[in-house]
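Chain and residue survey
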Amino acid sequence: MAGTAVDQCMNIIRDIDRTLEEARKYLMSKDDCIVSRTYLRTRVQQLQDSLPQAVQTASEYVRNIQAIQQQNNQDCSALLRDAQQKAQQTVFDAEQQASDTTARAERSANETLTKAQNEAKATVEAARGEAERILANARRQADMMVDQEEIVRRARVEASELQESTQEELNQLRQNTFDYLDNVMEQVDRHLSSTINNLRLERTELNNHRG
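Analysis parameters
- Every chain begins its residue count from 1, and numbering advances along the sequence as written.
- Local features in a predicted model are, by the rule used here, given only for residues with pLDDT of at least 70; side-chain atom pairs are given and counted only at 80 or more, and totals for whole chains, interfaces and linings are based on all residues.
- Each side-chain value is derived from all of the structure's non-hydrogen atoms; neither hydrogens nor water enter the calculation.
- The salt bridge criterion pairs a side-chain nitrogen of Lys or Arg with a carboxyl oxygen of Asp or Glu, the two atoms within 4 Å.
- Secondary structure follows DSSP: runs of H or I at least 4 residues long count as helices, runs of E at least 2 residues long count as strands, and numbering of each begins at the N terminus.
- Here's how the labels work: a residue is buried when its accessible area is under 20% of the maximum for its type, exposed when over 50%, partly exposed in between, all with a 1.4 Å probe on protein chains only.
- Confidence of the predictor in every single residue is expressed as pLDDT, which spans 0 to 100.
- Residues count as neighbours in contact if any of their non-hydrogen atoms are within 4.5 Å of one another.

1. Digging into the pattern of salt bridges
Scanning the model with the defined rule gives three salt bridges in all. D15 serves as the salt-bridge partner of R43, at 3.1 Å between the closest nitrogen and oxygen. In this pair, R43 is assigned in helix α2 (residues 37-144) and D15 in helix α1 (residues 4-22), connecting sequence segments 28 residues apart. With relative accessibility at 16%, the residue D15 sits in the buried group.

Written out as structure tokens, the structure is:
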């Protein structure tokens, strides 16, 4: 029944307008017409009686709309605060995860590099010791057979070949060591690149949700 008073007022106004439109014209006048004074007074009185209730109903409509708007504003503010808090927590978690991943990758890379360096150093020292032992043994054998020229010559040739072979092994070992270290660093680099790319994707997705 909230709109009854307003509807009554509108009906009265439309009825008066229709009555004036349909009223018989007065003599030769273009705008003047003959309308029942009693009828118009009755309708005007009805309009006056209905207006206070109509105004009150309209005021209630306005208050209700304002209350709904205020509640909507409060709900939007609460949703915005929750979204901001969730976004901040998501960014914090992503940064923490990236920091932890980077720290673990750096520790792993340092441990791998140290292990490779130690293994390479031990291998080189072992090869050098073996070469020195073989060379010393060849020298001793050559000294013992100093009077046998051919044997001495062969021993020197073998010692030279052994030295060259040992040097080639050392060069190959050094190259293998560098290749191993480069492979380890490449794996660490890919892992860090993947982690950074994942973080960028998460930040991009977060910014898209923010918009």
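2. Quick word on the confidence of the model for the protein chain
Low pLDDT marks regions whose predicted coordinates should not be analysed in detail. Averaged over all residues, the pLDDT of the protein chain is 77; the fraction at 70 or higher stands at 86%. Averaged pLDDT values over the elements of the protein chain bottom out at 70 in strand β1 (residues 24-25) and peak at 84 in helix α3 (residues 149-210).

3. Looking at the side chain of T166
Along the polypeptide, T166 turns up in helix α3. Residue class for T166 comes out buried when judged on its relative accessible area of 9%. Apart from residues lying up to four places away in sequence, T166 is in contact with A127 and A131.

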